[in-house]
2 protein chains.
Amino acid sequence: MTISEENYIKVIYHLSLVSPKGVNTNAIAGMLDTKASSVTDMLKKLSDKDLVSYQKYQGVTLTDKGFFSAKMIVRKHRLWEVFLVDKLGFSWDEVHEIAEELEHIKSEQLINKLDAFLGFPVADPHGDPIPDAKGVIKKIEKQLLSEVEINASFHCVGVKDSSTDFLKYLDKQKIALGSVVKVIDREDFDDTLTVEIDGKRLTISNKIANNLYVQ
Amino acid sequence: MTISEENYIKVIYHLSLVSPKGVNTNAIAGMLDTKASSVTDMLKKLSDKDLVSYQKYQGVTLTDKGFFSAKMIVRKHRLWEVFLVDKLGFSWDEVHEIAEELEHIKSEQLINKLDAFLGFPVADPHGDPIPDAKGVIKKIEKQLLSEVEINASFHCVGVKDSSTDFLKYLDKQKIALGSVVKVIDREDFDDTLTVEIDGKRLTISNKIANNLYVQ
DNA sequence: TTTTATTTTTAGTTTTGTCTAAATTTAATT
DNA sequence: AATTAAATTTAGACAAAACTAAAAATAAAA
Ligand SMILES: [Mn+2]
Ligand SMILES: [Mn+2]
Ligand SMILES: [Mn+2]
Ligand SMILES: [Mn+2]
């Protein structure tokens, strides 16, 4: 597989988690910042290689082979992110781009040794689960902070949006994975939350709460 | 720079250490396992980018810009090799290919943090020097074991040939970087050496001695 | 159910990096 | 100095991955 093919497969994987009955050409183009016509070309190529099943105008799904490949790329991406944060001291908003390159390094032995070196982590720095060497993903229980009942306490376990802007906002508010969040109140008008994070009171918009996973 | 351009620049760098007045097209083709005509094409491209100075039929040399780029690629290659051996437990004959890919990861921050994580090593697992962030290479004093006087003791500090075959031979004989070598005798007829390695007596062909650096 | 809008595909180019075969230049031998 | 050999470059082609513009299919609206 070329780097380009891998990037397509990974994007189709992520999109198919949301639309399992078929991923649209335009959606892929949007994620990869390319043109729909380029996507069509690539889908034919991936179909020839039996990585996706594709019928014109009907969208695309991953084959078993494509699904496994996708999970291996995601595994590499997330393990490298753990390495960058835990071992090299990068912050969680700096690692995505670099992992986007590292995920294409070919050696299977490398990634398994890296996995062991990191202590077989189950989640990446953004709380996303890491597939194991066989492609098994341990499901992490989580709810959006925006959907949780009032007057209960939770742990932050992940982010839905991992844009730099959002992650830096969390840093500023000293919210990290593991932080304890108690929901004090929800404003009826706009769903603004009053919460206590590690004991400190804070007001949080619905947009924020809608991108933070807790458990 | 594309991956391909980087591979060419690095090969030109290595070859120009041996032939500083100009590197031949065929030599480059041989190292990269490609055709001379492909090399000519690429040399024009590199020349346009001011990475090499090139006149048809006259061979190429690196410009200052190309020379620095080459050293940064070598730096990355060798730091990743140290990582693979010291941190992930690869043996010294397994790391070259993987480093060949890792050396193309773009982030400068990444490589400097990796350098720090590894404790600013000055040599890679094969004894080759690692350029620092500014491109400065600390010269490692060394002689070939084949050229050393008799009845003196040395430390192994590097290999000239880092092929799997040679490295595996050294492993079998329990010769590693740091091993103490005492030269007992040199056979006049074929320059075979009798040596003591970490106290154990051993007979070594000239070809072996000619690929082992000591100090 | 037509008509219109949107999505997707096709057709035809472009760039990068490679190749083969032929031409040219330089080097080595008579 | 002429001939032969080797090295290098040019010319033309190809595959991968992208693009633009136009055509076709599907979905939405009237
Ligand atoms: Mn990627
Ligand atoms: Mn992540
Ligand atoms: Mn390389
Ligand atoms: Mn090395």
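Residues numbered from 1 in each chain as written. Chains lettered and ligands numbered in written order. Predicted model: local features only at pLDDT ≥ 70, side-chain atom pairs only at ≥ 80, totals over all residues. Heavy atoms only, no water.

Under an unreviewed UniProt entry, chain A has the name Transcriptional regulator MntR and belongs to Flavobacterium proteolyticum. Its UniProt record gives chain A a comment under Sequence similarities (unreviewed entry), which states: "Belongs to the DtxR/MntR family." Quoted verbatim from the Function (unreviewed entry) field of the UniProt record, the comment on chain A reads "In the presence of manganese, represses expression of mntH and mntS. Up-regulates expression of mntP." (UniProt positions renumbered as here; feature names shortened; annotations may be inferred.)

Asker: Just to check I follow, could you spell out the sheet that holds strand β7 (residues 200-204) of chain B for this structure?
Answerer: Strand pairing in a sheet is mediated by backbone hydrogen bonds. Such pairs are either parallel or antiparallel. All names here are of chain B. Read from one edge to the other, the open sheet built from six strands follows the order β3-β8-β4-β5-β6-β7, with strand pairing classed as antiparallel. Edge positions in the open sheet fall to β3 (143-144) and β7, since each of these has one partner strand only. Contacts from helix α7 (residues 164-172) reach β4 (153-159), β7 and β8 (212-214), with the element oriented near 145° to β4. (Pairing = 2+ DSSP bridges. Helix = DSSP H or I, 4+ residues; strand = E, 2+ residues; numbered from the N terminus. Contact = heavy atoms within 4.5 Å. Axes fitted to C-alpha atoms, helices over the stretch in contact; angles between N-to-C directions.)

Asker: Explanation requested: the pairing of strand β5 (residues 180-186) of chain B in the structure shown.
Answerer: Consecutive residues of a regular strand have side chains that alternate between opposite faces of the sheet. Residues and elements named next belong to chain B. Note: β4 against β5, three bridges, orientation antiparallel. Residue Phe154 lies in a different strand from β5, and its bridge partner there is Val181. With five bridges connecting them, β5 and strand β6 (residues 193-197) associate as antiparallel partners. When the bridges of β6 are listed, Asp185 appears paired with Thr194.

Asker: I'm lost on the coordination of the manganese ion (ligand 3) in this one. Help?
Answerer: Tetrahedral coordination by four donors puts the ideal angle at the metal at 109.5 degrees, and octahedral coordination by six puts it at 90 or 180 degrees. Residues and elements named next belong to chain B. Looking at the manganese ion (ligand 3), one finds its protein donor set to be Asn7 (OD1), Glu100 (O), Glu100 (OE), Glu103 (OE) and His104 (NE2), positioned 2.1 to 2.6 Å from the metal centre. Mapping the donors of the manganese ion (ligand 3) onto the primary sequence yields the spacing N-x92-E-x2-E-H. Accessibility classification places Glu103 together with His104 in one group, the buried group. (Donors = N, O, S within 2.8 Å, 3.2 Å for Na, K, Ca; no water. Buried < 20%, exposed > 50% of the residue type's maximum accessible area, 1.4 Å probe, protein only.)

Asker: When you look at the domain arrangement of chain A in this model, what are you seeing that I'm missing?
Answerer: Buried accessible area, meaning the area lost when the parts come together, often serves as the stated size of an interface. In terms of domain boundaries, chain A breaks down into domain 1 (3-62) and domain 2 (143-214). Between the C-alpha centres of domain 1 of chain A and domain 2 of chain A there is a distance of 34 Å. (Domains from an automatic or database assignment.)

Asker: What should I look at first to understand the pattern of salt bridges in this one?
Answerer: A side chain with one charge may pair with a side chain of the opposite charge, provided their charged atoms come close. What the rule picks out here adds up to 16 salt bridges over all chains. Taking the shortest distance from any N to any O, the salt bridge between A:Glu5 and A:Lys49 comes out at 3.0 Å. Taken together, the positions of A:Glu5 in helix α1 (residues 3-18) and A:Lys49 in the loop between α3 (36-48) and β1 (52-54) put the pair 44 residues apart, joining distant regions of the chain. Residue A:Glu5 is classed as buried on the basis of its relative accessible area, which comes to 4%. Residue B:Glu103 pairs with B:Lys10 through a salt bridge whose shortest N-O separation is 2.8 Å. (Salt bridge = Lys/Arg side-chain N within 4 Å of Asp/Glu carboxyl O.)

Asker: Would you mind showing me how to read the side chain of A:Arg75 here?
Answerer: When you line up the elements, A:Arg75 lands in helix α4 (residues 64-87). Setting aside residues no more than four positions away along its own chain, A:Arg75 makes contact with A:Ile111, A:Asn112, A:Asp115, A:Ile130, A:Pro131, A:Asp132 and A:Ala133.

Asker: Whenever I open this one, the protein's contact with DNA strand C confuses me. Can you help?
Answerer: The local shell around DNA strand C holds 20 residues, among which A:Lys44, A:Tyr54, A:Lys56, B:Thr2 and B:Thr34 are the closest. The sugar-phosphate backbone supplies 75% of the atoms of DNA strand C found within 4 Å of the protein. Separating a phosphate oxygen of DNA strand C from a side-chain N or O atom of A:Lys56 is a distance of 2.6 Å. Here a phosphate oxygen of DNA strand C and a side-chain polar atom of B:Ser38 are 2.8 Å apart. Secondary-structure elements contributing two or more residues to the surface near DNA strand C are α2 (25-32) and α3 of chain A together with α1 (3-18) and α3 (36-48) of chain B. Looking at the surface near DNA strand C residue by residue, the classes come out as five nonpolar, 10 polar and five charged. (Near = heavy atom within 4 Å. Polar contact = N/O pair within 3.5 Å; in protein donor to acceptor, adjacent residues only side chain to side chain. Nonpolar A, V, L, I, M, F, W, Y, C, P; charged D, E, K, R; others polar.)

Asker: When you look at the nonpolar core in this model, what are you seeing that I'm missing?
Answerer: Across soluble globular proteins, nonpolar side chains have a tendency to be buried as a group. One finds A:Trp80, A:Phe83, B:Trp80 and B:Phe83 to be the most contacted residues of the largest nonpolar core, which totals 32 residues. Among the secondary structure elements, those contributing two or more residues to this core are α4, α5 (95-102) and α6 (108-117) of chain A together with α4 (64-87), α5 (95-102) and α6 (108-117) of chain B. (Core = buried A, V, L, I, M, F, W, Y, C linked by side-chain atoms within 4.5 Å.)

Asker: What exactly am I supposed to notice about the coordination of the manganese ion (ligand 2) here?
Answerer: All names here are of chain A. Around the manganese ion (ligand 2), the protein contributes the donor atoms Glu81 (OE), Asp124 (OD) and His126 (ND1), which lie 2.1 to 2.3 Å from the metal centre. Each donor residue of the manganese ion (ligand 2) belongs to the same chain, and together they define the spacing E-x42-D-x1-H. One end of the pair, Glu81, is in helix α4; the other, Asp124, is in the loop between α6 and β3 (143-144), with 43 residues separating them in the sequence. Each member of the pair, Glu81 together with Asp124, is buried.

Asker: Is there a simple way to think about the sheet that holds strand β6 (residues 193-197) of chain A in this case?
Answerer: Residue and element names in this part refer to chain A. On the basis of which strands lie adjacent, the open sheet formed by six strands has the order β3-β8-β4-β5-β6-β7 and antiparallel pairing. The strands lining the two open edges of the sheet, one partner per strand, are β3 and β7 (200-204). The pairing of β3 with strand β8 (residues 212-214) spans two bridges and is classified as antiparallel. Of the residues in β8, the one forming a bridge with Leu144 is Tyr213. Contacts from helix α7 (residues 164-172) reach β4 (153-159), β7 and β8, with the element oriented near 145° to β4.

Asker: Help me understand unusual backbone geometry, please; the structure alone is not making it clear to me.
Answerer: Leaving glycine aside, a negative phi is the common case for residues, and trans is the common case for peptide bonds. Even without being a glycine, A:Tyr57 presents a positive backbone phi close to 70°. Positionally, A:Tyr57 belongs in the loop between β1 and β2 (60-62). Phi angles above zero are rare outside glycine, and B:Lys174 is one such case at about 55°. Looking at the element boundaries, B:Lys174 is found in the loop between α7 and β5. On the basis of relative accessible area, B:Lys174 is assigned to the exposed category, the value being 64%.

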